[in-house]
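Descriptive structure summary
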There are 4 protein chains.
Amino acid sequence: MTTISVVYHSGYGHTEKVAQAVGEGVKSANATLHMIKVGADGAILDTDWDHLNSSDAIIFGAPTYMGSVSGPFKMFMDATSKIWFTKGWKDKLAGGFTNSLSMSGDKLNSLFQMAILAAQHGMVWIPQAEANTSTSEPGKSGDVESVNRIGSYLGVMTQADNVAADQSPNQGDIKTAQLYGTRMVEAAKRWAA
Amino acid sequence: MTTISVVYHSGYGHTEKVAQAVGEGVKSANATLHMIKVGADGAILDTDWDHLNSSDAIIFGAPTYMGSVSGPFKMFMDATSKIWFTKGWKDKLAGGFTNSLSMSGDKLNSLFQMAILAAQHGMVWIPQAEANTSTSEPGKSGDVESVNRIGSYLGVMTQADNVAADQSPNQGDIKTAQLYGTRMVEAAKRWAA
Amino acid sequence: MTTISVVYHSGYGHTEKVAQAVGEGVKSANATLHMIKVGADGAILDTDWDHLNSSDAIIFGAPTYMGSVSGPFKMFMDATSKIWFTKGWKDKLAGGFTNSLSMSGDKLNSLFQMAILAAQHGMVWIPQAEANTSTSEPGKSGDVESVNRIGSYLGVMTQADNVAADQSPNQGDIKTAQLYGTRMVEAAKRWAA
Amino acid sequence: MTTISVVYHSGYGHTEKVAQAVGEGVKSANATLHMIKVGADGAILDTDWDHLNSSDAIIFGAPTYMGSVSGPFKMFMDATSKIWFTKGWKDKLAGGFTNSLSMSGDKLNSLFQMAILAAQHGMVWIPQAEANTSTSEPGKSGDVESVNRIGSYLGVMTQADNVAADQSPNQGDIKTAQLYGTRMVEAAKRWAA
């Protein structure tokens, strides 16, 4: 059975909400899902490492803090170097998502960072493939209901207002995250065939 | 007197509108302004090169097409290599702006591209310094009246809907561009002192 | 049969030499190969577009000029926007290589640019997966015989001295390019299964 | 008097060696120097924060681990968010350097990360301005004696072999770092005038 891990850090719950949406997309496509939350010190459990190592695809998720992935997530990224030495993740699939307060907020830099991590591991990168559906009318760009309203392609970008995670990110972003989870399962099935 | 050049390409007029706003900010701060429009073949006039060479600061502007600066603007960037050989622009100030249809649209990649060009020339990079003023209320992120509503810092990002340039980009983006032009003059005066 | 296109620009022959090495790697893995050279104006033939559209994978190649892909290659990249509108390249495989005079020369920026282009098209990115074999001894980093001597992962980086293309890039870089061509065929076969 | 802070993380001593070279360049230009070492948990002392806040320029330094700045340095970067809220570093000068085992090793990504951090703070970025002096002869690129032998412009890139820091990085890299420290002092004096 196709197995997908979503490994993420979340500081205030917004990125976790997005992670859960990605996970919903994974489950809706009938894959085994491992949700792995990185601690404030960058650590995950030994069983989490086992899950990552046995997954067909790994989706990385982190908030963008000061223009790149959060410190705890970077601590986790560094810890993958022990796997890098043995090329243990070579030819797994990879993807990523990131959240911040602003529309851009330099989130592309975080996706670059995740794509570089994946490339160093020899992993195959699956981009976000939904078109931005929000731009057909003046003043509508970034409306809260649209899929890929921010216009991100390397991975999923979401935007959270300074409110609790139950209110934000909005439905367009959540839908985008769900679709990305599903896309990753489909890609993993095709790649495994 | 402080002299600033804005060198830009514009495919459909939206980036030109932003360029003009940057220029207004420059003029409002009592600097000499050269507006230099790059042709569809990437060319500028000999007198344009003279203006660039004699400027205290050069602000680069281009639409983001397929995730990086437009082809004609890249042709212009390549043509600066003749100046690079003699380090003719070393220690001038530099900055940049870019426009696309989506909120992100991978515009950060274009700003990276401009910052790298500037760095290769040994130019000093002046970032956009206005805070995003649009994020205090849920659902308001990216509202059309706010300064730096997209949340960009390396340079100015603007977003244009698929309508004529007189309707878009909106007032928040135009104001951001004006403030950036003014900031560049202030930086040039300080740097020249 | 697996079909791979290598679409590249070359200003002085060095990038073309690398492109040919990638092509050799493709052919050695028994795939159909289309070599497509972008003109100084960014144009390719109508039949070239047909070949790109019917390929399982497209490998992008360009020199890095002033820190990003050459102007002519960017003109080509922009021309792919007509395909972008119909998502015609979605789920094809993609990869990239770039050459410049220096070891770094900001070539990573060109690979980012290619990866972003691919992501906007919804293409799956196949990274370079060979370890840098040159770093085991002091002073040996970047030696001319080693595979991935520059230490690049997103795609292939090569370095050419200021001599004719028959002398440079060196054998390590050429071998790296060949291995990447072969890897792309293997990935395309797996992805098509 | 001009005051410069070098704030860095070093895992095995190689980046610290480069940091000290940058510091030597600062001192040789008669500026006050604060050397601030980030701990394995990302922390610095309260007095270190005072020194950063009172500096004319801040030079960031970190090893590149898995393609971006080390986790501890990212923890430090995140901690600067408290200053970001008050724009406390706006218009200070900024720069950066990074070290890794390979020539490229995706170090440009770390410099982008530092430049984005600086831009979010509204800091002015001073690039590395020395030409690569190693490329005049075939096979000489990256030779161990040359200034900017790697060909980096946004900041300083150094390469360390897998030996103790007293043996590597080599003299070319150390000289490049010294020159960058001196350049930062000169820029700070000009900017303060």
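For the structure itself, consult the block above.
Heads up: these notes are all about the structure in this document. (Residues numbered from 1 in each chain as written. Chains lettered and ligands numbered in written order. Predicted model: local features only at pLDDT ≥ 70, side-chain atom pairs only at ≥ 80, totals over all residues. Heavy atoms only, no water.)

1. Describing the overall build of chain A
If you tally the helices and strands in chain A, you get six helices and seven strands. Across chain A, helices and strands are ordered from the amino to the carboxyl terminus as β-α-β-α-β-β-α-α-β-α-β-β-α. Over its C-alpha atoms chain A spans a radius of gyration of 15 Å, differing by no more than 12% from the 16 Å that the globule rule assigns to 193 residues. Along the first, second and third principal axes, the C-alpha set of chain A runs to 50 × 35 × 25 Å. Buried positions account for 68% of the 193 residues belonging to chain A. In chain A, the share of contacts with a sequence separation of at least 24, taken over all contacts with a separation of at least 6, comes to 77%. For chain A, the exposed area adds up to about 6000 Å²; of that, 50% sits on carbon and sulfur atoms. Each charge class in chain A can be summarised by its mean position, and for the 15 positive and 18 negative side chains these summaries are 5 Å apart. (Helix = DSSP H or I, 4+ residues; strand = E, 2+ residues; numbered from the N terminus. Rg over C-alpha atoms; globule rule 2.2 N^0.38 Å. Buried < 20%, exposed > 50% of the residue type's maximum accessible area, 1.4 Å probe, protein only. Contact = heavy atoms within 4.5 Å. Areas by Shrake-Rupley, 256 points an atom, 1.4 Å probe, with all protein chains shown as cover. Lys, Arg positive; Asp, Glu negative; His and termini not counted. Charge placed at Lys NZ, Arg CZ, Asp CG, Glu CD.)

2. Some thoughts on the pairing of strand β7 (residues 156-159) of chain B
Residues and elements named next belong to chain B. The two faces of β7 match: V156 and T158 on one face and M157 and Q159 on the other face are all buried. As defined by bridge partners, strand β5 (residues 93-100) adjoins β7 across four bridges and the pair is classed as parallel. For S100, the partnering residue across the bridge sits in β7 and is Q159. (Pairing = 2+ DSSP bridges.)

3. Remarks on the relation of the copies chain A and chain C
For the pair chain A and chain C, the superposition axis carries a translation of 0.0 Å, the fit reaches an RMSD of 0.0 Å, and the rotation angle comes to 180°. Taken together, the rotation and translation relating the two chain copies correspond to the operation of a two-fold axis. Counting the interface residues of chain A, we find that 100% of their copies in chain C are interface residues as well, pointing to one common contact surface. (Least-squares fit on C-alpha atoms with pLDDT ≥ 70 in both.)

4. Details of the packing of aromatic side chains
On inspection of all chains with the given rule, the structure shows 23 aromatic pairs over all chains. Ring centres 5.5 Å apart and planes at 25° place the aromatic pair W49 of chain A and F76 of chain A in the stacked group. With W49 of chain A in helix α2 (residues 46-54) and F76 of chain A in helix α3 (residues 71-79), this residue pair connects regions lying 27 residues apart in the sequence. F76 of chain A gets classed as buried once you look at its relative accessible area, which sits at 0%. Where F73 of chain C meets F76 of chain C, the ring centres are 5.3 Å apart and the plane angle is 50°; that geometry is what we call tilted. Of this pair, F73 of chain C and F76 of chain C are both found in helix α3 (residues 71-79), three residues apart, which corresponds to roughly one turn of the helix. According to the relative accessible area criterion, F73 of chain C is buried, its value standing at 0%. Put simply, the rings of W49, F60, F73, F76 and W89 of chain A pair up and form one aromatic cluster. Positioned over the ring face of W49 of chain A is K82 of chain A, at 4.1 Å from the centre of the ring. (Phe/Tyr/Trp six-rings, centres within 6.5 Å; stacked < 30°, edge-to-face > 60°. Lys NZ or Arg CZ within 6 Å of the ring centre and 35° of its normal.)

5. Quick notes on the relation of the copies chain D and chain A
Both copies of the chain are related by one operation, a rotation about an axis with a shift along it. Take chain D, turn it by 180°, move it 0.0 Å along the axis, and it overlays chain A with an RMSD of 0.0 Å. The residues that chain D uses at the interface reappear at the interface of chain A in 100% of cases, marking a shared surface.

6. Things to note about α2 of chain A
Residue and element names in this part refer to chain A. Where α2 is concerned, the buried positions are D48, W49 and L52. The arc enclosing the buried residues of α2, seen along the axis, measures out at 100°, which places them on a common side. Residues of α2 that are buried make contact with β1 (3-8), β2 (32-37), β3 (57-65), α3 and α4 (81-84). (Arc of directions from axis to C-beta.)

7. Brief notes about the interface of chain D and chain A
The figure often quoted for interface size is the accessible area lost as the parts come together. Each side of the interface is counted separately: chain D has 25 residues, and chain A has 25 residues. Taking both sides of the interface into account, the surface hidden between chain D and chain A amounts to around 1800 Å²; carbon and sulfur atoms contribute 59%. The largest per-residue losses of area from chain D upon contact with chain A belong to M66, K74 and Q120 of chain D, which jointly make up 36% of the total buried on that side. If you look at where chain D meets chain A, you find zero salt bridges. Across the contact surface, chain D and chain A share twelve residue pairs in polar contact (both at pLDDT 80 or more). Only β4 (68-69), α3 (71-79), α4 (81-84) and α5 (107-120) of chain D provide two or more residues apiece to the side of chain D that touches chain A. Residues belonging to the side of chain D that touches chain A are distributed by class as follows: eleven nonpolar, eleven polar and three charged. (Buried area = accessible area lost by both parts, 1.4 Å probe. Salt bridge = Lys/Arg side-chain N within 4 Å of Asp/Glu carboxyl O. Polar contact = N/O pair within 3.5 Å; in protein donor to acceptor, adjacent residues only side chain to side chain. Nonpolar A, V, L, I, M, F, W, Y, C, P; charged D, E, K, R; others polar.)

8. Observations regarding the interface of chain A and chain C
On the chain C side, the residues contacting the 25 residues of chain A number 25 residues. The largest per-residue losses of area from chain A upon contact with chain C belong to Y153, R190 and W191 of chain A, which jointly make up 28% of the total buried on that side. The interface formed by chain A and chain C includes two salt bridges. One salt bridge connects R183 of chain A with D91 of chain C, and the closest N-O pair in it is separated by 2.9 Å.

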